[in-house]
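# Close look at the chain arrangement
Spelled out from the first residue to the last, the chains are:
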Amino acid sequence: MSTGKQRQQKCDSRPVKLPVDESADVLAKLAWAVAHPARVRIIRLLINREACVCGEIVAELPLAQSTVSQHLKILKDSGLIQGEIDGPKVCYFINREMLAELKQLISDL
């Protein structure tokens, strides 16, 4: 909380023309993917592991297996993680290229 008077900003009413920016769609999709604490935890878990099967991820989160599967699907759809079928299990791992792209897009804001 400020103790002094706050300076009022005058509204700039000049017309604004935003350039076309295809990266905005990519950033929005990736930001949505990490917009839930459980998905952030999954990303952090996978960053520190070579790969992880769904059961191991479920064991680390206080969520039902079906809920974790939904979060994994969102992360997979965004491209931040990938999954490979390994017999009856799916082995998940971080897509380091997409993670780097997310970091760069945020840095460019």
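Look up: the structure comes first, before these words.
Here the structure is a predicted model, which is why all the values come from computation and not from measurement.

About the thresholds
- Residues numbered from 1 in each chain as written.
- Predicted model: local features only at pLDDT ≥ 70, side-chain atom pairs only at ≥ 80, totals over all residues.
- Heavy atoms only, no water.
- Helix = DSSP H or I, 4+ residues; strand = E, 2+ residues; numbered from the N terminus.
- Rg over C-alpha atoms; globule rule 2.2 N^0.38 Å.
- Buried < 20%, exposed > 50% of the residue type's maximum accessible area, 1.4 Å probe, protein only.
- Contact = heavy atoms within 4.5 Å.
- Areas by Shrake-Rupley, 256 points an atom, 1.4 Å probe, with all protein chains shown as cover.
- Lys, Arg positive; Asp, Glu negative; His and termini not counted.
- Charge placed at Lys NZ, Arg CZ, Asp CG, Glu CD.
- Polar contact = N/O pair within 3.5 Å; in protein donor to acceptor, adjacent residues only side chain to side chain.
- Pairing = 2+ DSSP bridges.
- Core = buried A, V, L, I, M, F, W, Y, C linked by side-chain atoms within 4.5 Å.
- Salt bridge = Lys/Arg side-chain N within 4 Å of Asp/Glu carboxyl O.

Right, let's get into the overall build of the chain. Scanning the chain for helices and strands turns up 5 helices and 3 strands. Helices and strands appear in the chain in the N-to-C order α-α-β-α-α-β-β-α. Its C-alpha atoms give the chain a radius of gyration of 19 Å, more than 25% over the compact-globule value 13 Å for 109 residues. Each principal axis of the C-alpha distribution contributes one length, and for the chain these read about 60 × 40 × 25 Å. A total of 109 residues make up the chain; the buried ones form 28% of that total. Sequence separation of 24 or more characterises 52% of the internal contacts of the chain that already satisfy a separation of 6 or more. Per element, the accessible surface of the chain, about 8400 Å² overall, is 54% carbon and sulfur. Here the chain contributes 15 positive and 13 negative side-chain charges, whose respective centroids are spaced 11 Å apart.

The subject of this paragraph is the side chain of Ser 78. Locating Ser 78 in the fold gives a position in helix α4 (residues 65–78). Polar side-chain contacts of Ser 78 include one of 2.7 Å to the backbone oxygen of Leu 75. In contact with Ser 78, other than residues within four places in its own chain, are Lys 29, Leu 30, Ala 33 and Met 98.

The next subject is the pairing of strand β3 (residues 89–94). Sheet analysis places strand β1 (residues 52–53) next to β3, joined by 2 bridges and oriented antiparallel. Within β3, the residue paired with Cys 52 across the bridge is Tyr 92. A loop of 2 residues connects strand β2 (residues 81–86) with β3, the two strands running antiparallel in sequence, and Gly 87 in this loop sits at a positive phi of about 65°.

Summarising the sheet, β2 and β3 pair through 6 bridges and their orientation is antiparallel. By the bridge assignment, Ile 85 is partnered in β3 with Val 90.

Glancing now at the nonpolar core. By size, the foremost hydrophobic cluster in this structure holds 23 residues, and its most contacted members are Leu 46, Ile 57, Leu 72, Leu 80 and Ile 81. Looking at this core, the elements that each hand over two or more residues are α1 (23–33), α2 (37–47), α3 (54–60), α4, β3 and α5 (96–107). Not counting the four nearest positions on each side in its chain, Ile 81 is found in contact with Ile 43, Leu 46, Leu 72, Leu 75, Lys 76, Tyr 92, Phe 93, Ile 94 and Asn 95.

Below, the discussion takes up the side chain of Arg 39. Mapping Arg 39 onto the fold places it in helix α2. This buried residue, Arg 39, is left without a salt bridge; Asp 77 holds the nearest opposite charge, at 10 Å. In terms of polar contacts, Arg 39 uses its side chain to reach the backbone carbonyl oxygen of Trp 32, at 3.2 Å. Excluding residues that lie within four positions of it along the chain, Arg 39 makes contacts with Trp 32, Ala 33, His 71, Ile 74 and Leu 75.

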